[in-house]
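# Structure at a glance
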Amino acid sequence: MFTQDTVPPTPPPPPTPPNMKQGRQETLPEVPFSCDKTLGPESATFNFYETTARTGILPLKVVLRQIIPKFAMKSLPARRAYDALGKLRGLQRMRTAYNAGIGSVTPYYTRYVRTTTLEALSAFGFQVANGDEPVAIEAMDDFINAVEEVFAEEIEEVRGTIKRGSVPFNGLQELYLPGCVVAGLTWCGEMSGFRVVTSFYEEKRSLFGFEKSFH
């Protein structure tokens, strides 16, 4: 019983059901993909979720559709993601350099970094509305990290092989990392220095079956 001078305690609110948020019917995933890494590199598959389009953010699936041939939009074998890791790392490096230099008036930034980044983004059908705001690519860092986790043992092995002075074919992607400087011949045959922007493996059918090349 309660006396005239006491107030009954306020009952606690009912628990929030799973997959529910205040003002929303469903909780959106933290990242728009999932992957069972325990399956191993050759069996693991990335599965992608539908997400709400957000203004000013380049969707991850749009990026993958552009850089990975015949990307099905709903699933992607981990090995195919790994073959395009150099492209993803290159885009990641480009985005980071662009965002870090916002407001800069140096010729390197205005004539190279900003120009090449805006051109690359336009290939995805994405236009930067405000040059003073950073470029955002949906979950790209998370996706790169996830691919590297699936292939962690392979990456560690080839990096060790490179340090010992040998470069296996599956280690070329770790040798020619975006941003590193390499020597090569120009179109007129003179030796010069070049900075790696991107790299990728490509598999094509030939008279001898499927063959993989590196670019």
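Read on for a plain summary of the structure.

Each value, and the rule that gives it
Residues numbered from 1 in each chain as written. Predicted model: local features only at pLDDT ≥ 70, side-chain atom pairs only at ≥ 80, totals over all residues. Heavy atoms only, no water. Pairing = 2+ DSSP bridges. Helix = DSSP H or I, 4+ residues; strand = E, 2+ residues; numbered from the N terminus. Axes fitted to C-alpha atoms, helices over the stretch in contact; angles between N-to-C directions. Parallel < 35°, antiparallel > 145°, perpendicular 65-115°, else oblique. Left-handed = near helix turned anticlockwise from the far one by under 90°. Contact = heavy atoms within 4.5 Å. Nonpolar A, V, L, I, M, F, W, Y, C, P; charged D, E, K, R; others polar. 1 Å grid on protein atoms, 1.4 Å probe; cavity = no way out; pocket = protein on both sides within 12 Å on 5 of 7 lines; lining within 4 Å. Points joined across faces, edges and corners; volume = space filled by probe spheres on them. Salt bridge = Lys/Arg side-chain N within 4 Å of Asp/Glu carboxyl O. Buried < 20%, exposed > 50% of the residue type's maximum accessible area, 1.4 Å probe, protein only. Expected span 1.5 Å × (residues − 1).

## Concerning the pairing of strand β6 (residues 181-185)
Where β6 lies against strand β7 (residues 191-195), five bridges are found, and the strand directions are antiparallel. For Gly184, the partnering residue across the bridge sits in β7 and is Ser192. Between the end of β6 and the start of β7, which pair antiparallel, lie five residues, with Gly189 showing a positive phi angle near 90°.

## Here we look at the packing of helix α1 (residues 60-67) against helix α3 (residues 85-100)
One can describe the packing of α1 onto α3 by two numbers: an axis separation of 11 Å at closest approach and a directional angle of 130°. In terms of their interaxial angle, α1 and α3 are classed as oblique. Crossing angle aside, the handedness with which α1 passes α3 is right-handed. Across from Val63, Leu64 and Ile67 in α1, the residues of α3 making contact are Lys87, Leu88 and Leu91. Considered class by class, the residues forming the contact of α1 with α3 number five nonpolar, no polar and one charged.

## Focus: the layout of surface pockets
The volume enclosed by the largest pocket comes to roughly 420 Å³. For the lining of the largest pocket, the elements supplying multiple residues, two or more each, are α2 (78-83), β8 (201-206) and β9 (209-214). Of the residues belonging to the lining of the largest pocket, the class tally is seven nonpolar, no polar and eight charged.

## Details of the pattern of salt bridges
Applying the stated rule across the entire model yields eleven salt bridges. Note that Asp83 is salt-bridged to Lys212, the shortest N-O span being 3.1 Å. In this pair, Asp83 sits in helix α2 while Lys212 sits in strand β9, placing the two residues 129 residues apart along the sequence. Here Arg95 ties to Asp141 by a salt bridge, and the two come within 3.2 Å at their closest N and O atoms. Of the two residues, Arg95 sits in helix α3 while Asp141 sits in helix α5 (residues 140-150), which places them 46 residues apart along the sequence. On the basis of relative accessibility, which here comes to 13%, the residue Arg95 falls in the buried class.

## Quick notes on the sheet that holds strand β1 (residues 33-35)
What links the strands of a sheet is backbone hydrogen bonding, and the strands pair in either a parallel or an antiparallel sense. Pairing is antiparallel in the open sheet, where three strands are placed in the order β1-β2-β4. Every other strand in the sheet has two partners, leaving β1 and β4 (75-77) as the edge strands with one partner each. Each neighbouring strand pair of the sheet contributes to a mean axis angle of 20°, computed without reference to strand direction. Here strand β2 (residues 45-48) runs beside β4; their pairing, made up of three bridges, is antiparallel. Directly across from Phe46, in β4, lies its bridge partner Leu76. Packing of α5 onto the sheet brings it into contact with β1, β2 and β4, and relative to β2 it is tilted by some 155°.

## Brief notes about α3
When the terminal C-alpha atoms of α3 are compared, their 22 Å separation across 16 residues agrees well with the 22 Å that a helix rising 1.5 Å per residue should span. Of the residues making up α3, those classed as buried are Leu85, Gly86, Leu88, Arg89, Gly90, Leu91, Met94, Arg95 and Tyr98.

## Description of the pairing of β9
Here six bridges tie β8 to β9, and the two strands are oriented antiparallel to one another. Along β9, the bridge assignment pairs Lys204 with Glu211. Connecting β8 to the antiparallel partner β9 that follows it, the hairpin turn spans two residues.

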